[in-house]
Amino acid sequence: MLFHDPLPTLDNAELDYFPDWLDRDTADTWFEALLAQTPWQQPELFIHGRYHRTPRLTAWYGEPGARYRYSGRLHEPLSWTPLLAEIRQRVEHQVGQPLNAVLLNYYRDGQDSMGWHNDAEPELGRDPLIASLSLGGCRRFDLRRVGSTRIEYSLTLAHASLLVMRGPTQHHWQHQVAKTRQACAPRLNLTFRLIRFPL
Ligand SMILES: O=C(O)CCC(=O)C(=O)O
Ligand SMILES: [Mn+2]
């Protein structure tokens, strides 16, 4: 963490963005290792009577019992690898609270994406903290108010950066990583969470 960029104040949101949270060598090494080591999956979603492949690859890791529902399915956690345990420790140290699970997302190119959502599942409890580490290609991260269709704020999540969302953010704001026609290098994103009330 070299410096801390203030973001504009959005009501009912608490966001911290650390653009150079990791040194370049560590970020490059983690990116390559995670890309190669992870048993990537592409869950299928059943929406409006049709199956759709999730437009990115994912993996869910956590403490035993840290089940989580995403992409319309319940996912059992994989056990922590030494590398993910090390990353988790660094992130916990930064945010000052325990985290017991992480969703890995792999955006292969600009056509991979994540639609509008908030991370407000009941398992996470009230005011969940989400710590999001980005590695690899840059992507735009958009925010809009719950109930609105207008993008209110966007930031570029760069290689080696950490975005922390906490407080009431998830209850009042949604976020997305939209598809883009711009050339995009492959990107990994790790969102660490604390499952307070396992399913
Ligand atoms: O890829 C990103 O930056 C966002 C990921 C995300 O919102 C999530 O995993 O819930
Ligand atoms: Mn999210």
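Above this note sits the structure.
What counts, and where the lines are drawn
Just so you know, the residues in each chain are numbered from 1, in the order the chain's sequence is written. Written order decides the labels, with chains lettered from A and ligands numbered from 1. pLDDT decides what is reported in this predicted model: residues at 70 or higher carry local features, side-chain atom pairs at 80 or more are listed and counted, and totals for whole chains, interfaces and linings draw on all residues regardless. Side-chain descriptors were evaluated using all non-hydrogen atoms of the structure, hydrogens and water having been removed beforehand. Here a strand is any run of E in DSSP of at least two residues, a helix any run of H or I of at least four, and the numbering for each starts at the N terminus. The size measure is the radius of gyration over C-alpha atoms, and the globule rule it meets is 2.2 Å times the number of residues to the 0.38 power. Per-residue accessibility, obtained with a 1.4 Å probe over protein chains only, is compared with the maximum for each type, and a residue is labelled buried under 20%, exposed over 50%, and partly exposed between these values. Contact definition: two residues touch when any of their heavy atoms are within 4.5 Å. In these tables, accessible area is a Shrake-Rupley quantity obtained with a 1.4 Å probe, and a residue counts as shielded only by the protein chains included in the view. His residues and chain termini do not enter the charge count, which takes Lys and Arg as positive and Asp and Glu as negative. A charged residue contributes its charge at one atom only: NZ of Lys, CZ of Arg, CG of Asp or CD of Glu. Here, proximity means that at least one heavy atom of the residue falls within 4 Å of the molecule or strand. Under this definition, polar contacts are N or O atom pairs within 3.5 Å; protein pairs additionally need one hydrogen-donor-capable and one acceptor-capable atom, and for neighbouring residues in sequence, both atoms have to be side-chain atoms. The way it works is a 1 Å grid over only the protein atoms, where trapped points that fit a 1.4 Å probe form a cavity and open points with protein on both sides within 12 Å along at least five of seven lines form a pocket, and then any residue with an atom within 4 Å of a point lines it. Assignment of a molecule to a cavity or pocket requires that more than half of its atoms lie within 2 Å of the corresponding grid points. Under the scheme applied, nonpolar residues are Ala, Val, Leu, Ile, Met, Phe, Trp, Tyr, Cys and Pro; charged residues are Asp, Glu, Lys and Arg; polar residues are all the others, including Gly. Distances define the donors: N, O and S atoms within 2.8 Å of the metal qualify, as do those within 3.2 Å of Na, K or Ca. Water is excluded, so some sites may look unfinished. To estimate the expected span of a helix, count its residues, drop one, and scale the result by 1.5 Å.

K.L.:
So, the overall build of the protein chain: which residues are in play, and what are the values?
P.N.:
Within the protein chain one finds three helices and 14 strands. Over its C-alpha atoms the protein chain spans a radius of gyration of 16 Å, differing by no more than 12% from the 16 Å that the globule rule assigns to 199 residues. Dimensions of the protein chain, computed from the C-alpha atoms along their principal axes, are close to 50 × 40 × 40 Å. A burial count over the protein chain gives 52% of its 199 residues as buried. For the protein chain, the share of sequence-separated contacts (at least 6 apart) that also reach a separation of at least 24 residues comes to 73%. Carbon and sulfur atoms make up 51% of the accessible area of the protein chain, which amounts to about 9800 Å² in all. Each charge class in the protein chain was averaged separately, 22 positive and 22 negative side chains, and the resulting centres sit 8 Å apart.

K.L.:
Help me get a handle on the environment of proline 64, residues and values and all.
P.N.:
On the secondary structure map, proline 64 appears in the loop between β4 (57-62) and β5 (68-70). Residue proline 64 is classed as exposed on the basis of its relative accessible area, which comes to 78%. Sequence-wise, proline 64 and serine 79 are 15 residues apart; in three dimensions their C-alpha atoms are separated by 7.2 Å.

K.L.:
Which residues make up the site of ligand 1, and what are the values?
P.N.:
Taken together, 14 residues surround ligand 1, and among them Asn105, Tyr107, His175, Arg187 and Arg193 come closest. Contacts to ligand 1 include asparagine 105, whose side-chain N or O atom sits 3.0 Å from an oxygen atom. The contact in question runs from an oxygen atom of ligand 1 to an N or O atom on the side chain of histidine 117, over 3.1 Å. Here ligand 1 occupies the largest pocket. Sorting elements by how many residues they give to the shell around ligand 1 places strand β14 (residues 187-193) first, with four residues. Split by residue class, the shell around ligand 1 holds six nonpolar, five polar and three charged.

K.L.:
I'd like a rundown of unusual backbone geometry, residues and numbers included.
P.N.:
Backbone phi values are negative for most residues with the exception of glycine, while trans is the configuration of most peptide bonds. The backbone of aspartate 127 sits at a positive phi, close to 50°, despite the residue not being glycine. Taking relative accessible area as the criterion, aspartate 127 reaches 31% and is therefore assigned partly exposed. With a phi close to 75°, alanine 160 is a non-glycine residue in the positive phi region. Mapped onto the fold, alanine 160 is located in the loop between β11 (153-157) and β12 (161-166).

K.L.:
Describe the coordination of the manganese ion (ligand 2), with residues and values.
P.N.:
Protein coordination at the manganese ion (ligand 2): the donors are His117 (NE2), Asp119 (OD) and His175 (NE2), at 2.1 to 2.2 Å from the metal. Expressed as a motif, the donor residue spacing for the manganese ion (ligand 2) is H-x1-D-x55-H. With a gap of 58 residues between them, histidine 117 in strand β8 (residues 114-117) and histidine 175 in strand β13 (residues 173-177) connect regions that are remote in the sequence.

K.L.:
For helix α1 (residues 24-37), give the residues involved together with the corresponding values.
P.N.:
With 14 residues, α1 extends 20 Å from end C-alpha to end C-alpha; this agrees with the ideal 20 Å at 1.5 Å per step. Those residues of α1 that sit buried are Thr26, Ala27, Trp30, Phe31, Ala33 and Leu34. Those residues of α1 hidden inside the fold are in contact with α2 (82-95), β7 (101-107), β9 (130-136) and β14. The distance from a side-chain oxygen at the start of α1 to the backbone nitrogen of aspartate 25 is 3.2 Å, and the residue carrying that oxygen is aspartate 23.

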